[in-house]
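Structure assessment
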Amino acid sequence: MRRTPAAAGGAAAGTVAEVAFTGDLARPVRLTVSGLLGWRQHLARVDFECATSGVQRHTFTGPLLHDVLLDAGPSFDPARRKDRLRFLIAVSGADGHRAVLSWAEIDPDFGRAPVLLAVTLDGTPLDRAGPQLVLPQDRCGARYVSGIQAIRVDGRYPAWA
């Protein structure tokens, strides 16, 4: 179920939310919404279904998840094109909501999904609540994660490899 920014929790009043990028990254980093403004910003006008409140229509802006993670240096071997296919991305929100994506979904050589780390929702900055995961290609809003606190990249999948 997609949480609205008001229900997302986010940072305490008067503070700015931070996202920890961890896992199999050469350059783990902590970023705020203002820090995410350093990447090219994209606009997404989306319609999706929410199980509790029906069809939602919103406009989001923010960088592509792929661009931000690529800058953090995922530990796959760039010389081995298929090495990227074993990486998973786990996104956790302040309210406990979580979603998992595969690297292949967001990689331009494979799924090319324009997944955003939204820094605005309908023109309102998300500085205090934290960025929101936006998957414009999803018909259902269940993978939209509000108030992102952590994004972990893990290349140990599959466990038998």
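Scroll up a little and you will see the structure.
Everything quoted here is computed from the prediction, not taken from an experiment. (Residues numbered from 1 in each chain as written. Predicted model: local features only at pLDDT ≥ 70, side-chain atom pairs only at ≥ 80, totals over all residues. Heavy atoms only, no water.)

**Side note on the sheet that holds strand 1 (residues 18-23)**
If you walk across this open sheet you meet the five strands as 2-1-11-5-6, and the pairing is mixed. The open sheet has two free edges, formed respectively by strand 2 (29-32) and strand 6 (98-102), since each of these has just one partner strand. Direction aside, neighbouring strands of the sheet carry axes that sit 20° apart on average. Sheet topology places strand 5 (residues 88-93) next to strand 6; five bridges connect them, and they run antiparallel. (Pairing = 2+ DSSP bridges. Helix = DSSP H or I, 4+ residues; strand = E, 2+ residues; numbered from the N terminus. Axes fitted to C-alpha atoms, helices over the stretch in contact; angles between N-to-C directions.)

**Topic: the packing of aromatic side chains**
Tallied over the full model, the rule gives four aromatic pairs. Where Phe48 meets Tyr144, the ring centres are 4.3 Å apart and the plane angle is 35°; that geometry is what we call tilted. Of this pair, Phe48 sits in strand 3 (residues 42-50) while Tyr144 sits in the loop between strand 10 (132-134) and strand 11 (148-154), and the two are 96 residues apart along the sequence. Of the two residues examined, Phe48 and Tyr144, each falls in the buried class. Counting every residue linked through ring pairs, the aromatic cluster contains Phe48, Phe60 and Tyr144. (Phe/Tyr/Trp six-rings, centres within 6.5 Å; stacked < 30°, edge-to-face > 60°. Buried < 20%, exposed > 50% of the residue type's maximum accessible area, 1.4 Å probe, protein only.)

**Re the sheet that holds strand 9 (residues 124-125)**
Spatial strand order, 3-4-8-9: four strands in an open sheet with antiparallel pairing. Each edge of the sheet is formed by a strand with only one pairing partner; in this case those strands are strand 3 and strand 9. Alignment of strand 4 (residues 54-62) against strand 8 (residues 120-121), held across two bridges, turns out to be antiparallel. Residue Thr61 lies in a different strand from strand 8, and its bridge partner there is Thr120.

**Side note on the pattern of salt bridges**
Taken as a whole, this structure holds ten salt bridges when the rule is applied. Of the charged contacts in the structure, one is a salt bridge between Asp47 and Arg57, with a shortest N-O distance of 3.6 Å. In this pair, Asp47 is assigned in strand 3 and Arg57 in strand 4, connecting sequence segments ten residues apart. Given a relative accessible area of 47%, Asp47 falls into the partly exposed group. For Arg57, a relative accessible area of 60% translates into the label exposed. Between Glu49 and Arg139 there is a salt bridge, and its shortest N-O distance comes to 3.0 Å. Of this pair, Glu49 sits in strand 3 while Arg139 sits in the loop between strand 10 and strand 11; the two residues are 90 residues apart in sequence, bridging distant segments of the chain. (Salt bridge = Lys/Arg side-chain N within 4 Å of Asp/Glu carboxyl O.)

**Topic: the environment of Ser75**
Tracing the sequence through the fold places Ser75 in the loop between helix 2 (65-71) and strand 5. Residues Ser75 and Asp24, spaced 51 residues apart in sequence, show a C-alpha to C-alpha distance of 5.5 Å. Dropping the residues within four chain positions of it, Ser75 is found in contact with Asp24 and Phe87. (Contact = heavy atoms within 4.5 Å.)

**A short note on the environment of Ile148**
For Ile148, the position within the fold is in strand 11. On a C-alpha basis, the gap between Ile148 and Ala17 in space is 8.4 Å, while along the polypeptide they are 131 residues apart. The residues contacting Ile148, other than those within four sequence positions of it, are Glu18, Val19, Val91, Ser92, Gly93, Leu117, Pro131, Gln132 and Leu133.

**Side note on the side chain of Gln56**
Here Gln56 lies in strand 4. Looking at Gln56, the relative accessible area reads 15%, which means it is buried.

**A word on the nonpolar core**
Judged by nonpolar contacts, the single largest core of 40 residues is most densely connected at Phe21, Leu65, Leu69, Ile89, Leu117, Leu133 and Ile151. Discounting chain neighbours no more than four positions away, the residues touching Leu133 are Leu65, Val91, Ala99, Leu101, Val115, Leu116, Leu117, Arg143, Tyr144, Val145 and Ile148. (Core = buried A, V, L, I, M, F, W, Y, C linked by side-chain atoms within 4.5 Å.)

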